[in-house]
Amino acid sequence: ASGNMVNETAGYRLTLLEGEGERGTFAARTFRLNDQLFLDLSPTREVLESVKVTGLYAYLNVPGHTVLRANWVASGLELALLDNKELAKILEANPKKYATRPYEGEGVLLTGTTRELQELLREVQRDEALWETIKLVRKAPEIDSAPPAK
């Protein structure tokens, strides 16, 4: 996947490009817990209203926020998603500690408070077995090179 982050007033707009021109746009906000950077993604209105959503964007297109662990590396932004199966083991071991609800198949939505989510992230942020890495390559924004209309 490749992508571009553009600074917005209260965060960023992240556009992901996959395969044959599949693209998805997210509202993105960064935050830190301890020394780890995280990215909170939520679908933009244009995508929520679109009919066809596929690929990585379809996976991340949930009715809420998706939190990813983020690291800047020489080639671009390296993101990591929590592995659903491994996360399920933690949640099953502590069924009353974190508020959740099932989401389409293997998925689970974390429905607790911000404080509860931060507590979970602190607990798992350094356990590499729980994270699936996605390496993104930054692309420059597309610029319309057509001359202005007269």
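To be clear, the structure that these remarks concern was listed above.
The following refers to the structure shown. (Residues numbered from 1 in each chain as written. Predicted model: local features only at pLDDT ≥ 70, side-chain atom pairs only at ≥ 80, totals over all residues. Heavy atoms only, no water.)

This paragraph deals with the packing of aromatic side chains. Enumeration according to the criterion identifies two aromatic pairs in this entry. Summarising the aromatic geometry, the rings of phenylalanine 31 and phenylalanine 38 are spaced 5.5 Å apart at their centres and angled 15° between planes, so their arrangement reads as stacked. Here the aromatic rings of phenylalanine 38 and tryptophan 131 are separated by 6.4 Å at their centres, their planes lie at 45°, and the arrangement is tilted. Here phenylalanine 38 is found in strand E4 (residues 36–43), whereas its partner tryptophan 131 is found in strand E9 (residues 131–135), with 93 residues between them in sequence. One exposure class covers both phenylalanine 38 and tryptophan 131, and it is buried. Site record: aromatic cluster; members linked through ring pairs are Phe31, Phe38 and Trp131. (Phe/Tyr/Trp six-rings, centres within 6.5 Å; stacked < 30°, edge-to-face > 60°. Helix = DSSP H or I, 4+ residues; strand = E, 2+ residues; numbered from the N terminus. Buried < 20%, exposed > 50% of the residue type's maximum accessible area, 1.4 Å probe, protein only.)

Right, let's talk about the pattern of salt bridges for a bit. Taken as a whole and assessed by the stated rule, the structure comprises five salt bridges. Of the charged contacts in the structure, one is a salt bridge between arginine 69 and glutamate 128, with a shortest N-O distance of 3.0 Å. One end of the pair, arginine 69, is in strand E5 (residues 66–73); the other, glutamate 128, is in the loop between helix H4 (114–124) and E9, and 59 residues separate them in sequence. With a closest N to O distance of 3.7 Å, lysine 97 and glutamate 119 form a salt bridge. (Salt bridge = Lys/Arg side-chain N within 4 Å of Asp/Glu carboxyl O.)

Shape descriptors only; they carry no functional weight alone.
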